[in-house]
Amino acid sequence: MLAFEKSLRYHEQTRRYSIATTPTGWEVREERDSEVVKKVQYQDWHRVERARKHIAMELDALQRKGWAEES
């Protein structure tokens, strides 16, 4: 089950960030143009919170550069 998901688009480029629950914890993923560039498994919720904060900062920076949220 997805706990968080956000996709941004800039021209033909896409970035997708997600946090999903797994049987052993959480999986944090980053995709660029449908290619997984980062996939990390966490069992500690505090690490997930830190990863989510990092994602939020990256999303803010991309949106300031003109990236738009996909629906």
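Before any of the text, the structure's been laid out above.
Because the structure is a prediction, the values reported are computed rather than measured.

1. Topic: the pattern of salt bridges
And then number 1: Scanning the model with the defined rule gives 9 salt bridges in all.
And then number 2: A salt bridge links Glu5 to Arg16, with the shortest nitrogen-to-oxygen separation between them at 2.2 Å. Linking Glu5 in strand β1 (residues 2-10) with Arg16 in strand β2 (residues 13-22), this pair joins segments that are 11 residues apart in sequence.
And then number 3: Look at Arg16 and you get partly exposed, because its relative accessible area is 25%.
And then number 4: Between Arg16 and Glu31 there is a salt bridge whose closest N-O contact spans 2.8 Å. Of this pair, Arg16 sits in strand β2 while Glu31 sits in strand β3 (residues 25-32); the two residues are 15 residues apart in sequence, bridging distant segments of the chain.
And then number 5: Taking relative accessible area as the criterion, Glu31 reaches 12% and is therefore assigned buried.

2. So, the nonpolar core
And then number 1: Of all hydrophobic cores here, the largest spans 13 residues; its most connected members are Phe4, Tyr17, Ile19, Val28, Ile55 and Leu59.
And then number 2: Among the secondary structure elements, those contributing two or more residues to this core are β1, β2, β3 and α1 (45-64).
And then number 3: Looking at this core element by element, the count peaks at 5 residues for α1.
And then number 4: Dropping the residues within four chain positions of it, Phe4 is found in contact with Tyr17, Ser18, Ile19, Arg52, Ile55 and Leu59.

3. Regarding the sheet that holds strand β4 (residues 35-42)
And then number 1: If you walk across this open sheet you meet the 5 strands as β4-β3-β2-β1-β5, and the pairing is antiparallel. Pairing within the sheet leaves two strands with one partner each, and these edge strands are β4 and β5 (68-69).
And then number 2: Here α1 sits on the sheet and contacts β1, β2, β3, β4 and β5; the angle it forms with β2, its principal contact strand, is near 165°.

The rules we used
- Residues numbered from 1 in each chain as written.
- Predicted model: local features only at pLDDT ≥ 70, side-chain atom pairs only at ≥ 80, totals over all residues.
- Heavy atoms only, no water.
- Salt bridge = Lys/Arg side-chain N within 4 Å of Asp/Glu carboxyl O.
- Helix = DSSP H or I, 4+ residues; strand = E, 2+ residues; numbered from the N terminus.
- Buried < 20%, exposed > 50% of the residue type's maximum accessible area, 1.4 Å probe, protein only.
- Core = buried A, V, L, I, M, F, W, Y, C linked by side-chain atoms within 4.5 Å.
- Contact = heavy atoms within 4.5 Å.
- Pairing = 2+ DSSP bridges.
- Axes fitted to C-alpha atoms, helices over the stretch in contact; angles between N-to-C directions.

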